[in-house]
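Below are the chains, spelled out letter by letter.
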There are 4 protein chains.
Amino acid sequence: MKTFDKYESAVRSYSRGWPTVFEKSKGYKLWDIDGKEYIDFFAGAGTLNYGHNNDDMQTRIIEYIRNNGIIHSLDMGTTPRKEFLERFQEVILKPRNLDYKIMFPGPTGTNSVESALKIARKVTGRDTVISFTNAFHGMTIGSLSISGNSSKRNGAGIPLHHGVFMPFDDYAENQDSITYIEKFLEDQGSGVALPAAIILETVQGEGGINAARMEWLKKIADICERWDILLIVDDIQAGCGRTGTFFSFEPAGIKPDIVCLSKSIGGIGLPMAITLIKPEYDQWSPGEHNGTFRGNNLAFIAATEALKFWETDKFGKEVQQKGEFLSEAVKSIIKKFPELHGTARGRGLMQGIAVGIDGLSDKICAEAFDRGLILETSGPNGEVVKFLPPLIIDEKGLREGLDVLEESIEHVLQTK
Amino acid sequence: MKTFDKYESAVRSYSRGWPTVFEKSKGYKLWDIDGKEYIDFFAGAGTLNYGHNNDDMQTRIIEYIRNNGIIHSLDMGTTPRKEFLERFQEVILKPRNLDYKIMFPGPTGTNSVESALKIARKVTGRDTVISFTNAFHGMTIGSLSISGNSSKRNGAGIPLHHGVFMPFDDYAENQDSITYIEKFLEDQGSGVALPAAIILETVQGEGGINAARMEWLKKIADICERWDILLIVDDIQAGCGRTGTFFSFEPAGIKPDIVCLSKSIGGIGLPMAITLIKPEYDQWSPGEHNGTFRGNNLAFIAATEALKFWETDKFGKEVQQKGEFLSEAVKSIIKKFPELHGTARGRGLMQGIAVGIDGLSDKICAEAFDRGLILETSGPNGEVVKFLPPLIIDEKGLREGLDVLEESIEHVLQTK
Amino acid sequence: MKTFDKYESAVRSYSRGWPTVFEKSKGYKLWDIDGKEYIDFFAGAGTLNYGHNNDDMQTRIIEYIRNNGIIHSLDMGTTPRKEFLERFQEVILKPRNLDYKIMFPGPTGTNSVESALKIARKVTGRDTVISFTNAFHGMTIGSLSISGNSSKRNGAGIPLHHGVFMPFDDYAENQDSITYIEKFLEDQGSGVALPAAIILETVQGEGGINAARMEWLKKIADICERWDILLIVDDIQAGCGRTGTFFSFEPAGIKPDIVCLSKSIGGIGLPMAITLIKPEYDQWSPGEHNGTFRGNNLAFIAATEALKFWETDKFGKEVQQKGEFLSEAVKSIIKKFPELHGTARGRGLMQGIAVGIDGLSDKICAEAFDRGLILETSGPNGEVVKFLPPLIIDEKGLREGLDVLEESIEHVLQTK
Amino acid sequence: MKTFDKYESAVRSYSRGWPTVFEKSKGYKLWDIDGKEYIDFFAGAGTLNYGHNNDDMQTRIIEYIRNNGIIHSLDMGTTPRKEFLERFQEVILKPRNLDYKIMFPGPTGTNSVESALKIARKVTGRDTVISFTNAFHGMTIGSLSISGNSSKRNGAGIPLHHGVFMPFDDYAENQDSITYIEKFLEDQGSGVALPAAIILETVQGEGGINAARMEWLKKIADICERWDILLIVDDIQAGCGRTGTFFSFEPAGIKPDIVCLSKSIGGIGLPMAITLIKPEYDQWSPGEHNGTFRGNNLAFIAATEALKFWETDKFGKEVQQKGEFLSEAVKSIIKKFPELHGTARGRGLMQGIAVGIDGLSDKICAEAFDRGLILETSGPNGEVVKFLPPLIIDEKGLREGLDVLEESIEHVLQTK
C-alpha cells in the first residue's frame with residue numbers, strides 16, 4: 001500500500017476504505033494479493049452487473065486482440081461498433097418498442113450526461129435544467145451543476161449554474177413534490193424559467209438509494225409532455241438490469257426523450273457510455289460533441305456479449321426474484337437490530353439500509369471489509385449501507401454476504 | 001455503413017470522412033473489411049504513439065485477462081495500478097527531476113483537464129483561468145469553457161465563463177502576446193482578475209498545430225511564478241513523446257505545476273488519463289473528484305509496458321530525427337506546390353501544412369483516404385493538413401505516406 | 001401625447017395606460033392639462049405615502065434652493081445629510097430599539113438592493129441568495145437575478161444566476177414553504193448551497209400584494225439565525241408606514257440584518273434610497289460601492305421633514321384604521337360582484353383584489369381612469385387590482401375612490 | 001463630522017477626503033459651514049457642468065414647485081417631460097443629424113448602462129459585450145461586469161460574466177489594440193464570441209482620463225459596422241459638453257447605436273439619466289425595463305433649461321478654448337515639476353496629470369483641499385490628478401485654481 005500513499009494523489013478514496021491490493025476476481029468474488037477472498041456487494045459501483053471476468057466476454061476479447069482487431073477508433077466504423085449497434089437495436093430497443101438514435105459521447109457516465117444536456121439545450125433553445133435533490137450525475141462541470149451533493153459541488157471552485165433543484169419523490173415530510181413542481185412551472189412569477197429538460201435517476205444511487213414511485217415518474221413524464229420539456233433519465237447506475245428490467249423506468253411505462261447509459265453497458269467493466277436520443281431530437285451537427293475514446297472496441301465486444309443476457313426475459317425475472325429476497329433480508333435485519341434505527345431503501349438489486357445513528361454505517365462497512373464483504377455507503381452524509389451485488393450472484397452468495405453483514409452489525413453495535 | 005447511418009446519432013464525424021469499416025491494425029497500418037490497406041498519419045488523434053497492437057502489450061493484456069486479473073477497480077489498490085505508479089516514477093519523473101503526485105481523474109483527457117481546473121481553483125481560491133486563442137481542452141463544460149473553437153463553444157447551449165483568452169504565441173500580426181498578458185495582469189483596472197491558472201498546449205493540436213517557441217513558454221512560466229499563478233500544461237496530444245521528448249515542455253526547461261496526460265499514456269489505445277500535481281498543490285480531500293472508470297487495469301498494463309520505450313533516450317532521439325525528416329518533406333511539398341499557399345506548422349512528429357485556399361485541405365485528405373492514407377485536418381476552419389503518424393513509424397513508412405500525399409495534392413490541384 | 005409617441009422609447013408604459021399629460025397634484029389628487037381631476041390610489045407606486053406636494057416639504061425645499069444650498073454632493077458632508085442622519089436615528093431607529101448604520105447607495109430602490117446583496121456576500125463569503133416566488137427587487141442585473149417575473153427576467157438577455165427561489169408564504173396548495181426551506185438547508189445533498197442571505201418583501205407589491213403572515217416572517221428570521229444567514233427585508237414599497245408601522249416587519253417582532261428603503265423615504269417623490277446595515281456587518285471599504293447621485297440634498301430635506309409624521313404613534317394608528325376600513329370595503333366589493341371571482345390581498349393601505357377572470361383587472365383599471373381614479377394592476381399576470389392610496393388620504397377620499405371603482409366594475413361587467 | 005462617523009456606513013468616501021460640511025454653492029465655488037470658500041475643479045464628478053445653482057434653473061424649479069407641479073411621475077405624461085423631449089430633439093439631435101428614441105431608464109448612470117446592455121442583447125440575441133481596460137460603467141451588477149477596476153469588481157462578491165475586456169487605445173506599449181480586436185473577431189477559434197455590443201467611453205473618467213484618438217474611435221465604429229455589432233457610447237461623464245461638443249464623439253464623425261447620458265444631463269445636479277437608441281433598435285416591450293424614479297420632473301425642468309446653453313455653438317467653443325488654456329497649463333506644470341514624472345491626459349475640460357510617483361497624487365489633492373481647491377484622483381491606482389471644473393468657469397477661475405494646485409504640488413514635493 002505504500003506505493004499509493006507515496007505516489008498517488010490525496011484524492012484517492014476507495015483504497016483508503018479497503019486498504020489492500022486486489023489481484024483477481026471472478027463472478028461475485030475478489031481476491032487480494034494475500035489470497036484473501038471477498039464477496040462483492042459493490043459491483044464496481046454498478047459497473048459489474050454481469051459479474052467479474054465473464055468467461056465468454058474474456059474469450060471474445062482475447063480472440064479479438066489476437067487477431068489484431070482495431071482497439072482504438074474514435075467514431076470510425078469498426079466491426080465491433082457495427083455489431084453492438086445492431087444487437088442493441090434488436091435485443092433492447094425493438095422488443096421494448098423504443099426508438100432511439102445511439103450516440104457514443106465518450107466512455108464515462110459524465111460524458112453521456114454532458115452530451116444529453118447539450119442536445120437538450122440545443123433542441124429547445126433554453127438553458128435551465130431541472131434536476132432533483134440528492135441527484136448525482138457526474139463530476140465534470142456540466143454534470144456537477146445538476147448534482148446535489150454540497151461537498152462535491154464545492155469542489156468545483158466556481159459557482160454552478162443553470163440547474164434548479166426540485167424535491168425528489170417523498171422528499172420533505174408531508175409535502176408533495178409534484179404540486180410544488182407544477183406550481184413553479186405554471187406561475188409566470190416563480191423565478192424558475194421553463195427548462196430545457198428534467199433529468200432524474202429513478203433510483204438515486206449516490207444520493208442514498210432513494211427509489212421514486214412509478215406513479216411519481218409517470219407524473220413527471222406528464223409534466224414534461226404538457227410543458228414541452230425533454231425528459232432525461234440518467235440510467236447509468238440503475239439501468240442495465242439493476243432493478244430487474246433493462247431500463248429502470250420500464251415498469252412506469254414512460255418513454256424518456258434521452259437516456260444516459262454507462263457503467264454496466266460495457267459488460268466487463270471497460271469504459272463505455274452511450275446516449276440514447278429520440279430521432280426527432282438528434283439534431284447534432286457532425287462532431288459538435290466528440291472525444292478521443294468514443295471507440296473503445298474491447299468494450300463494444302463485451303457489451304455485445306452482455307446483450308445475450310437480455311435475449312429472453314429469464315435474466316430480468318431472476319434479478320427481480322433476488323431483489324425480493326434481498327428486500328426480505330433487509331427488513332429482517334432492520335427488525336433484528338432496532339439500535340440501527342434503520343429504514344429500507346431501493347428496489348431490485350439496488351437496495352440499502354439508511355442508518356439513523358451518525359457514523360455507524362461507515363463502521364459497519366469497515367467491519368464487513370475485514371470479514372470479507374465489500375460494500376460501501378451512500379447518501380449525503382454516507383448514512384446508507386448500500387447493497388449492489390452483481391446481478392449474476394446466486395441466493396447462496398447473497399445469503400453468505402448478508403450473514404457477514406449481520407455479524408458485522410452485531411460486532412459494531414457491541415463495541416460501540 | 002448503413003448500420004451507422006441508421007442507428008448512430010448524427011453527431012458521428014470520422015465515419016463520414018472515412019466511409020469504411022475498419023477491421024485490423026498493426027504498427028502504422030490499418031485494414032478495412034475489404035482488405036484495403038491504409039497508412040496511418042493520424043494515430044488515433046495522438047492516442048497511438050506506439051502504433052497499433054504492439055506485440056508486448058497484447059501479450060501482457062491477454063495474460064492478465066486469462067488469469068482473471070481484476071479489470072475494473074475505481075481507485076482501489078490493484079497490482080497493475082501499483083506497477084504503473086512505480087514505473088512512471090522511476091522511468092519518467094525521477095530522471096527528469098520532476099516531483100508530482102499522480103491522480104487518476106477518469107479515463108479521458110477532459111476528465112484530467114477538469115480535475116486540473118478544480119484543484120487550481122481550490123488551491124488559489126481564485127476562479128478565472130487564462131487559456132489561449134485556439135486552445136482545445138475538451139468537450140465537458142469545464143474544459144470547453146477554456147477552449148477557443150466557436151462552433152464547439154456554441155454547442156454548449158449555455159454561455160461559458162471563468163475563462164479569459166489571451167493571444168497564443170505569434171497570434172496577431174506584429175503584436176507581442178507576452179507584453180499584452182503582462183499588461184493585463186499588472187494593471188489593476190484591466191478587467192482581468194488574477195487567475196488561478198494559465199493553461200496551455202505547447203503545440204495546439206486541434207487549434208491548427210501552432211507550436212509555441214521555447215522562449216515564449218519560458219516567459220509564460222516566469223509570469224506564473226511572478227504572479228503566483230499555477231501553470232497547467234495540457235500535454236494530452238503533444239505529450240508522451242509526440243514532439244521528441246516525453247513531455248513536450250522539456251526543451252523549454254520549465255516545470256509546470258500541473259500536467260494533464262491522456263491519449264497515448266494508455267499505450268495501446270485504451271481509455272486512460274492522469275493528472276500530475278506538484279505535491280504542495282495536491283490538496284484534495286479524498287473523493288473530492290472521482291469517477292467510475294478511474295481504474296482501467298488493462299490500460300495500466302499497456303501503459304506500464306509503454307514506459308519501456310523511455311528507459312533510454314534512444315526512442316526520443318529517433319522521434320526527433322523523424323521529425324526533422326518530416327520537416328524537410330513538408331518544406332519541399334510547400335515549395336513544390338505554390339498553389340497551396342502553404343505554411344509549415346508544428347514540431348517533432350506533430351506537424352502540418354496550413355493551406356491558404358479555402359476548402360482545399362479537406363479535399364486533399366479525402367483524396368488521400370481514397371489512395372490509402374489516413375490523415376485529418378485541424379485549425380479553426382480546418383485549414384491545416386495534419387501529420388500525426390505513430391512515433392514507431394520508420395522512414396520508409398513516412399516516405400510512402402508522403403508520396404501518397406503528394407499524389408493526392410497533385411490530383412486535387414489538377415481537378416480544381 | 002404625440003410627443004411621447006414620436007420621441008420616447010417604446011419601453012414607456014404608464015403613459016400608455018393613462019393617456020394624458022398630468023400637470024398638477026396635491027394631497028391625494030392629480031389634475032391633467034385639461035383640468036380633469038383624478039383621485040390617486042397609486043401614490044407613485046408607493047413613493048407618495050405623504051401625498052403630493054406636502055406644504056412643509058415644498059417650503060423647506062424652496063427655501064434651501066433660494067439660499068443656494070448645495071444640491072448635488074455625492075457622499076460629501078452637507079447640512080441636509082447631517083440632519084437626516086440625526087433625525088432618522090432619533091425618530092425611527094432609537095424608539096424601535098434598532099441599531100443600524102445608514103448607507104446611501106444611490107437614489108433608487110435597485111441601488112439599495114444591489115448594495116445589500118454585495119455586503120451580504122462580502123460578509124459571509126457566500127454567493128447564493130434565497131429569494132421568493134413573485135419577488136420583485138429591481139431591474140438592474142443583481143436585483144433582477146432575485147426577482148421572479150419571467151418577462152422581466154427574459155429582458156435581461158442573459159441567464160440570471162446566484163438566486164434560488166423558495167415558495168413564499170402560502171404559495172402552493174396545501175404545501176408548507178417553511179418545511180421545504182428547512183429541508184433544503186438541512187440536507188447536504190439538496191443542491192442548494194448555504195446562502196449569504198434570504199431577501200424578502202413582507203408584502204409583495206409587484207408580485208400580487210401577497211402578504212406574509214407574521215408567524216411565517218418569524219420562522220424565516222429563526223431559520224436565518226439558526227443557519228447564520230443574513231436576513232434582508234426589502235421594505236422599499238411596504239415600508240415608510242404603508243402597512244401601518246414605519247417598517248412593515250415591526251408587528252413580527254423581528255430585526256432584519258439589512259433593510260432596503262427607497263420610494264417614500266424621500267418624502268415628496270424625489271429620488272432617494274438608503275440601506276440599513278447592522279453595525280457588525282457594515283464591513284465596507286470606503287467607496288467599495290458608490291454612485292453619482294448618493295447626495296440628493298433636496299430629497300434629504302423632504303425626507304427629514306417627512307420624519308415628523310413619525311414623532312408620535314398617531315400617524316401609524318390612523319393608517320391602520322384606514323387599512324381596516326379599506327379591508328371591509330374590499331370584502332364588500334368581492335361579495336357584491338361574485339362574477340369577479342375575487343380574493344382579498346394585502347394589509348394596511350397596501351391591498352388588492354385578485355380577479356379570477358383573465359384580463360378583467362386591466363379593463364377595470366382602464367375604466368376607473370376614465371372616471372377619474374388612478375390605480376394599477378399587479379401580479380404575474382396583472383390579475384390583481386391594487387390599492388395604494390397616499391397614507392394621508394382621509395375616509396372621504398377613500399370612499400370616493402371606492403365608489404368610482406364600484407361603478408367601474410359594474411360597467412365592465414355589464415359590457416363584457 | 002461626528003454625525004457621519006457615528007451614523008453613516010463605512011462605505012462613505014468623499015466625506016473622508018474632504019472632511020467638512022458643505023453648505024452653499026454657486027457657479028464654480030462652494031462654501032462650508034465655517035464659511036471657508038473652495039474653488040471647484042470636481043463639478044460633482046462631472047454632474048455640474050453648468051455650475052452650481054444656476055439662477056434660471058433655480059427660478060424655474062421654484063416656480064414649478066409653487067404651482068404644485070407634479071414632482072414624481074414614473075413614465076406618465078407630464079408637461080416637463082414633454083418639454084424636455086421636444087427641446088432635446090430640437091436643440092441637440094436635429095442639428096447634429098442624429099435620430100434617436102429617448103428612453104428614461106431610471107435616474108442614474110448605471111440605470112442607463114444596464115438598459116443599453118439589455119436592449120443590445122435583445123436586439124442581437126447575443127450575450128457577450130466587449131468593453132475596455134479601465135472602463136467604468138457603474139456599480140450595479142450588469143454595469144460592473146463591464147467595468148475594469150479590480151477592487152470594485154471584487155466588491156460584487158460574485159464572479160462577473162459576459163464582458164470581454166479589450167485593450168483601450170494606446171494601452172500596452174507598442175501594441176495596436178485595433179489589430180488585436182480584429183484578430184479576435186475574425187478568428188473562429190479565438191474564444192471570444194461575436195458580441196452584442198462594444199461599449200466605450202471616449203475619455204475614460206474613472207479609469208485615468210485616458211482619451212481615445214478620433215481615428216481609433218472611427219476604427220472601432222468601422223469594426224462594429226463590419227461585424228454587425230452595436231456601438232454603445234457611455235457619454236455619462238464625457239458628454240454634455242465636457243470635451244467641447246455636446247456629445248464627446250462628435251469630432252470623430254461617428255453615430256453610435258446607443259448613447260448613455262446622465263450626470264450633467266439633469267442641469268443642476270438632480271438625478272436623471274437617458275438612453276438614446278437608434279429607432280431600428282428600440283425593440284422594447286412596454287415596461288420591459290422600468291424604475292420608480294424615471295419621472296424626476298424637477299430634473300426635467302433644469303435639463304430643459306440647460307439646453308439653452310446649446311442653442312448656438314458659442315458655449316461649446318468657449319469650452320474648447322478653456323480646454324486649450326488648461327492643456328497649456330498642464331504642460332507647464334509637468335515641465336515645472338519634473339519630480340512628478342507627470343504625463344498629460346485628456347481633452348477639453350476633462351484633463352489630468354498622471355503622476356509617476358506612488359501616493360503623490362493623493363497628497364496633492366489633500367493639500368489642495370486645505371488650500372481651498374477641490375479636485376480628486378482617478379485611475380486604477382488613483383495616480384491621476386483630475387481636473388473637471390464646471391464648464392461655466394472663466395479663465396480667472398481656472399487660473400486661481402491652477403495657482404492653488406501649483407502651490408500644493410510645491411508644498412507636497414518639499415515636505416516629502
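Parameters and conventions
- Residues numbered from 1 in each chain as written.
- Chains lettered and ligands numbered in written order.
- Predicted model: local features only at pLDDT ≥ 70, side-chain atom pairs only at ≥ 80, totals over all residues.
- Heavy atoms only, no water.
- Pairing = 2+ DSSP bridges.
- Helix = DSSP H or I, 4+ residues; strand = E, 2+ residues; numbered from the N terminus.
- Domains from an automatic or database assignment.
- Contact = heavy atoms within 4.5 Å.
- Buried area = accessible area lost by both parts, 1.4 Å probe.
- Salt bridge = Lys/Arg side-chain N within 4 Å of Asp/Glu carboxyl O.
- Polar contact = N/O pair within 3.5 Å; in protein donor to acceptor, adjacent residues only side chain to side chain.
- Axes fitted to C-alpha atoms, helices over the stretch in contact; angles between N-to-C directions.
- Core = buried A, V, L, I, M, F, W, Y, C linked by side-chain atoms within 4.5 Å.
- Buried < 20%, exposed > 50% of the residue type's maximum accessible area, 1.4 Å probe, protein only.

Okay, the sheet that holds strand E16 (residues 373-374) of chain D next. Pairing is mixed in the open sheet, where five strands are placed in the order E4(C)-E1(D)-E2(D)-E3(D)-E16(D). The open sheet is flanked by strand E4 (77-78) of chain C together with E16 of chain D, the only strands paired with a single partner. Where strand E2 (residues 29-32) of chain D lies against strand E3 (residues 37-40) of chain D, three bridges are found, and the strand directions are antiparallel. Among the inter-strand pairings, D:Trp31 is bridged to a residue of E3(D), identified as D:Glu37.

Attention now moves to the domain arrangement of chain A. Residues and elements named next belong to chain A. For chain A, the domain assignment lists domain 1 (1-54 + 314-415) and domain 2 (58-310). Taking the mean C-alpha position of each, domain 1 and domain 2 sit 25 Å from one another. Contacts between domain 1 and domain 2 engage 32 residues on the former and 34 residues on the latter. Taken together, both faces of the contact between domain 1 and domain 2 bury some 2700 Å²; the carbon and sulfur share is 51%. For Lys386, the salt bridge goes to Glu206, with nearest N and O atoms at 3.3 Å. Our count for the domain 1 to domain 2 interface comes out at 23 residue pairs in polar contact (both at pLDDT 80 or more). Within the residue set of the side of domain 1 that touches domain 2, elements represented by two or more residues are helix H3 (43-46), helix H12 (314-336), strand E14 (343-347), strand E15 (350-354) and strand E18 (384-387).

So, about the environment of D:Phe309. Residue and element names in this part refer to chain D. Assignment of secondary structure puts Phe309 in the loop between helix H11 (297-306) and helix H12 (314-336). A sequence separation of 31 residues divides Phe309 from Leu340, and the C-alpha atoms of the two residues are 37 Å apart. Those residues in contact with Phe309 that lie beyond four places of it in its chain are Tyr50, Asn54, Met57, Phe315 and Ile392.

Turning next to the sheet that holds E15(A). Residues and elements named next belong to chain A. With respect to topology, four strands assemble into an open sheet ordered E14-E15-E18-E17, the strand pairing being antiparallel. Edge strands, defined here as strands with exactly one partner in the open sheet, are E14 and strand E17 (376-378). Between one strand axis and the next, the sheet turns by 30° as a mean value, whatever way the strands run. Bridge analysis of E14 against E15 gives five bridges, and the strand direction is antiparallel. Bridging across to E15, Arg347 finds its partner in Met350.

Most often, soluble globular proteins have nonpolar side chains that are buried together. If you look at the biggest cluster of nonpolar residues, it comprises 454 residues, and the most contacted ones within it are A:Phe88, B:Phe88, C:Phe88 and D:Phe88. Residues within four places of D:Phe88 in sequence aside, it is in contact with D:Leu93, D:Ile102, D:Phe246, D:Phe247, D:Leu261, D:Ile265, D:Ile274, D:Leu276 and D:Leu307.

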